Number of protein chains: 2
Amino acid sequence: MRAEIISVGTEILLGEIQDTNSCFLASRLPALGIDLYFISVVGDNFDRLQQTIKQAFQRSDLLLITGGLGPTDDDLTREAIAAVLGERPYVDEALAQALRNLFTSRGLPFPERNLKQAWLIPSATAIPNPRGTAPGWWVEKEGRIIVALPGPPHEMEPMWEEEVAPRLRKRAQGQVLVTRTLKTIGLGEGQVDEMLSDLARSSNPTLAVYAKPDGVYVRLAAKAMGEGIAWDLIRPVEEEVRQRLGPHIWGVDDESLEGVVGRLLKERALTLAVMESFTGGLLANTITDVPGSSTYFLAGYVAYQPEAKIALGVDPKVIEMHGVVSPEVAAAMAQAARQRAGAHIGIGTTGVAGPDPLEGKPPGTSHIGLDFLGNIRTTSYQFYQGRLAAKRRGVTVALALLWRALTGRL
Amino acid sequence: MRAEIISVGTEILLGEIQDTNSCFLASRLPALGIDLYFISVVGDNFDRLQQTIKQAFQRSDLLLITGGLGPTDDDLTREAIAAVLGERPYVDEALAQALRNLFTSRGLPFPERNLKQAWLIPSATAIPNPRGTAPGWWVEKEGRIIVALPGPPHEMEPMWEEEVAPRLRKRAQGQVLVTRTLKTIGLGEGQVDEMLSDLARSSNPTLAVYAKPDGVYVRLAAKAMGEGIAWDLIRPVEEEVRQRLGPHIWGVDDESLEGVVGRLLKERALTLAVMESFTGGLLANTITDVPGSSTYFLAGYVAYQPEAKIALGVDPKVIEMHGVVSPEVAAAMAQAARQRAGAHIGIGTTGVAGPDPLEGKPPGTSHIGLDFLGNIRTTSYQFYQGRLAAKRRGVTVALALLWRALTGRL
């Protein structure tokens, strides 16, 4: 089944909102065995909307349209679908009654212009929307399907999951696509490419290598007539990749470094404290994004200035001797964090977040220290793509260092 | 000038990455007087890419294409443009030499397949890309313009700002759209709507009200044949909105609360320290996203557990008497942060980030304390849409409280 997504809304074309609906829908189609060939964004303009729907109806089996189902004159999706199919909208009495009841239950008068949200055409049935006033349309004609859903994601996404995906799952006849992503750290993209070059020639599953902010990902994707068969294709290749990259793989699929590290800390009943300079609180913030992190994360300290570091237990002589941006200070910060918080593990970060240099060192100069049960390690690098990216990278490197310690890789 | 954006990449159609380039480009066009009618996403498939470019070339004056300029066989944007225009690519010797030099300077061998990044066609000139290996293409033919830029945003965005936007500014002939956004805090969307309802009936400038995570925005947009004329239309309406919403407006356009607060702290030579519980480091991290924040941000403490708070100076009796999730503890944390860091101002946050309740209090229970030169204020609320949103909202409320204190609104 060949699908096409159309997002409707002038505010997307003005760059005022990001069209996140298309990405959501696109990510849901491979597992249904539906191939997506095009995404189009078009404004609240009848002619261009009709033209876009008409073209999609000619070249695709399934049209997923989001937006343009509101009650105003600018909301033209129903009108455009009706025009493309040559059908006339009518007010569905059951839908109209439900809509009137909804307004009454909220103690609001019913605005007559909302009545167009009760429209149907002969080829359409309504898709219930318990979270808003606009039902969707499920349209079937000439062997093709058009699904129209409202634009607000908190209405659209549950309608997709509860109503549309189950119906499409029954219809889609094609091969399903199943993917497995293996996430690594400590190897470059080129290295991984080289280590897996023979496997990358396979066409089912395919193997692709991506560089991401938290390491290099290896993505396996298999197509087959059923999920089980697809997994059978993936399993031996995944096994082989794991053999080759083993010690570098820190997680799979949706896992995050902070989630994996948190699980390891919990399992081993270890506690953690951090002292941050150039990462400015992002390390603590990333660690505490994980639900339940309060059980192992004892304390975070953000100490930009030397005096603040000294007040938290960093030896002023170390700063004097090596400069505040140095591996020695990163180590001292890790140690001070651990001791001050009474934790098993401490992490320290010192560097130059930029944009200006510090102590004559360029932005991107970065030192991470780890005090793991009294054993101290540091890692240093220089890389700069802006202040926020520098903070982000510092956090990834710090979490990766901790992960390596927790898994005996240091 | 009628424009159309084409984003190229199978990973977008698979829902693996969000196409943020289109939103970036779309947001830049109104100020140039360029109307955007369509955005299309198409995969790394020669036929469909060619078909999409051909259609766009027929119906639009300006095509902005991102992605597909890499060195691999999957990168087909150059080939597709050449095919649509009926031209043959050739290796530009100057580009090839620059590319070889780039690899040499990085100490890498030059892979011959990268040579296609030195291609041009007769209608194209190269757009320099100082941050990557793929130059862009500026193509002019039959009165139409095609601009092809690489997909990575950190390469594409500066190329747009430095090379493409200036050239288009000279070409575009239409009405320009100028906008002014006034950012407020402390009023609901409905309230603002009501206070400005008469102004909202104006058609040039238009006035729109949006609820955002950091308050309610009022957006004025004027169209005219020149920027000066458009600003003349906006000015009196902006003045009127400022009259009505005055004390609630904290910033305009791209300003952030942390940036505005940072500027005020710097101007008044005041220093700040924070102690965070449920915001988990996000407050410190947000404050330190601002370049130069090291001059006023003295220290951040992340203290989840009662013992950590006590170790940092919170009176255990206050915790015992009121519970750790209480306005009193928020105030004590603010005071302890200020005193411990020797700062003028301290902020404390305590609450339930969730998903689980704490001390019998539901997720979203939030208390923010402010110690402003010894004067203590707290603010409390309960609102929950998930852990990360709870942290985010706590930070906004804390910064808004500080902003009100700094501007004499408390």
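Keep in mind it's a predicted model, so treat the numbers as computed, not measured.

Rules behind the numbers
Residues numbered from 1 in each chain as written. Chains lettered and ligands numbered in written order. Predicted model: local features only at pLDDT ≥ 70, side-chain atom pairs only at ≥ 80, totals over all residues. Heavy atoms only, no water. Buried < 20%, exposed > 50% of the residue type's maximum accessible area, 1.4 Å probe, protein only. Helix = DSSP H or I, 4+ residues; strand = E, 2+ residues; numbered from the N terminus. Contact = heavy atoms within 4.5 Å. Polar contact = N/O pair within 3.5 Å; in protein donor to acceptor, adjacent residues only side chain to side chain. Pairing = 2+ DSSP bridges. Axes fitted to C-alpha atoms, helices over the stretch in contact; angles between N-to-C directions. Domains from an automatic or database assignment. Core = buried A, V, L, I, M, F, W, Y, C linked by side-chain atoms within 4.5 Å. Buried area = accessible area lost by both parts, 1.4 Å probe. Salt bridge = Lys/Arg side-chain N within 4 Å of Asp/Glu carboxyl O. 1 Å grid on protein atoms, 1.4 Å probe; cavity = no way out; pocket = protein on both sides within 12 Å on 5 of 7 lines; lining within 4 Å. Points joined across faces, edges and corners; volume = space filled by probe spheres on them. Nonpolar A, V, L, I, M, F, W, Y, C, P; charged D, E, K, R; others polar. Phe/Tyr/Trp six-rings, centres within 6.5 Å; stacked < 30°, edge-to-face > 60°. Lys NZ or Arg CZ within 6 Å of the ring centre and 35° of its normal.

Caption draft 1: Inspection of helix 2 (residues 20-28) of chain A at higher detail. All of the buried residues in helix 2 of chain A are Asn 21, Ser 22, Cys 23, Phe 24, Leu 25 and Ala 26 of chain A. Where helix 2 of chain A is buried, its residues contact strand 1 (2-8), strand 2 (35-42), strand 3 (62-66) and helix 6 (153-171) of chain A together with helix 1 (10-13) of chain B. For helix 2 of chain A, the N-terminal capping position is held by Asp 19 of chain A, with its side-chain oxygen 3.3 Å away from the main-chain nitrogen of Asn 21 of chain A.

Caption draft 2: Here's a closer look at the sheet that holds strand 12 (residues 249-252) of chain B. All names here are of chain B. If you trace the four strands from one edge of the open sheet to the other, you get 10-11-9-12, paired in antiparallel fashion. Edge strands, defined here as strands with exactly one partner in the open sheet, are strand 10 (206-212) and strand 12. Ignoring strand direction, the axes of neighbouring strands in this sheet form an average angle of 25°. Summarising the sheet, strand 10 and strand 11 (residues 215-224) pair through seven bridges and their orientation is antiparallel. In the sheet register, Tyr 210 faces strand 11, and the bridge partner there is Tyr 217.

Caption draft 3: Looking closely at the domain arrangement of chain A. Each domain of chain A was delimited in the assignment, giving domain 1 (2-171), domain 2 (176-252) and domain 3 (257-406). The centre of domain 1 of chain A, based on its C-alpha atoms, is set 49 Å off from the matching centre of domain 3 of chain A.

Caption draft 4: Structural view of the nonpolar core. Counting 39 residues, the largest nonpolar core has Met 275, Tyr 301 and Val 314 of chain A together with Met 275, Tyr 301 and Val 314 of chain B as its most contacted members. Secondary structure elements with two or more residues in this core: strand 13 (272-276), strand 14 (297-302) and helix 13 (327-341) of chain A together with strand 13 (272-276), strand 14 (297-302), helix 12 (316-322) and helix 13 (327-341) of chain B. Apart from residues no more than four positions distant in its own chain, Met 275 of chain B is found in contact with Tyr 301, Leu 312, Val 314, Met 333, Ala 336, Ala 337, Ile 347, Gly 348 and Thr 349 of chain B.

Caption draft 5: Representation of the interface of chain A and chain B in the model. In this complex, chain A contributes 60 residues to the contact, which on the side of chain B involves 58 residues. In total, about 4,500 Å² of surface goes out of reach between chain A and chain B, with carbon and sulfur atoms giving 50% of it. Viewed at the interface, chain B and chain A are joined by four salt bridges. In this structure, Glu 16 of chain B and Arg 219 of chain A form a salt bridge, with 2.3 Å as the shortest nitrogen-oxygen distance. For the pair chain A and chain B, the interface holds 30 residue pairs in polar contact (both at pLDDT 80 or more). Among the secondary structure elements, those contributing two or more residues to the side of chain A that touches chain B are helix 1 (10-13), helix 2, strand 2, helix 3 (46-59), strand 10 (206-212), helix 10 (282-287), strand 14 and helix 14 (387-406) of chain A. Alignment of strand 2 of chain A against strand 2 (residues 35-42) of chain B, held across five bridges, turns out to be antiparallel. The residue of strand 2 of chain B that forms the bridge with Val 41 of chain A is Ile 39 of chain B.

Caption draft 6: The arrangement of empty space enclosed by the protein in detail. Under the criterion given, the structure shown has three cavities of 30 Å³ or more. Roughly 140 Å³ of internal volume is contained in the largest cavity. Looking at the largest cavity, it is lined by 16 residues, and the ones nearest its centre are Gln 18, Asp 19 and Val 41 of chain A together with Gln 18 and Asp 19 of chain B. Breaking the lining of the largest cavity down by element, the ones donating at least two residues are helix 2 and strand 2 of chain A together with helix 2 (20-28) and strand 2 of chain B. Grouping the amino acids of the lining of the largest cavity by side-chain chemistry returns ten nonpolar, four polar and two charged. Its volume calculated, the second largest cavity comes out at about 100 Å³. Around the second largest cavity sit Phe 38, Ser 40, Gln 51, Thr 52, Gln 55 and Arg 59 of chain A together with Phe 38, Ile 39, Ser 40, Thr 52, Gln 55 and Arg 59 of chain B, which together line it.

Caption draft 7: A look at the pattern of salt bridges. Tallying each qualifying case throughout the model produces 40 salt bridges over all chains. A salt bridge links Arg 59 of chain B to Glu 4 of chain B, with the nearest nitrogen and oxygen atoms 2.6 Å apart. With a gap of 55 residues between them, Arg 59 of chain B in helix 3 (residues 46-59) and Glu 4 of chain B in strand 1 (residues 2-8) connect regions that are remote in the sequence. Exposure remark for Arg 59 of chain B: the relative accessible area of 17% places this residue in the buried category. Where Glu 163 of chain B meets Arg 167 of chain B, a salt bridge forms, and the shortest distance between an N and an O atom there is 3.4 Å. Residue Glu 163 of chain B and its partner Arg 167 of chain B are both found in helix 6 (residues 153-171); the two are separated by four residues, about one turn of the helix. A single salt-bridge network, built from bridges that share partners, covers Arg 180, Glu 238, Arg 242 and Asp 253 of chain A.

Caption draft 8: Representation of the sheet that holds strand 8 (residues 144-149) of chain B within the structure. Overall, mixed pairing links the twelve strands, which are arranged 6(A)-7(A)-8(A)-3(A)-1(A)-2(A)-2(B)-1(B)-3(B)-8(B)-7(B)-6(B) in an open sheet. Pairing within the sheet leaves two strands with one partner each, and these edge strands are strand 6 (124-127) of chain A together with strand 6 (124-127) of chain B. Going across the sheet, the axis of each strand differs from the next one's by a mean of 15°, ignoring polarity. Of the pairings in the sheet, the one linking strand 3 (residues 62-66) of chain B to strand 8 of chain B comprises five bridges and is parallel in character. Residue pairing across strands places Thr 66 of chain B opposite Leu 149 of chain B, the latter belonging to strand 8 of chain B. Relative to the sheet, helix 2 of chain B contacts strand 1, strand 2 and strand 3 of chain B, its axis offset from that of strand 1 of chain B by approximately 160°.

Caption draft 9: Structural context of the packing of aromatic side chains. Applying the stated criterion across every chain, the model contains four aromatic pairs over all chains. Consider the rings of Phe 297 of chain A and Tyr 304 of chain B, whose centres lie 6.4 Å apart with planes at 90°: the pair is edge-to-face. Within this pair, whereas Phe 297 of chain A is found in strand 14, its partner Tyr 304 of chain B is found in the loop between strand 14 and helix 11 (306-311), the two belonging to separate chains. The pair Phe 297 of chain A / Tyr 304 of chain B is uniform in exposure class, with both members buried. Just above the ring of Phe 383 of chain A sits the side chain of Arg 393 of chain A; from NZ or CZ to the centre is 4.0 Å. Here Arg 144 of chain B stacks its cationic end above the ring of Phe 57 of chain B, 5.9 Å away from the centre of that ring.

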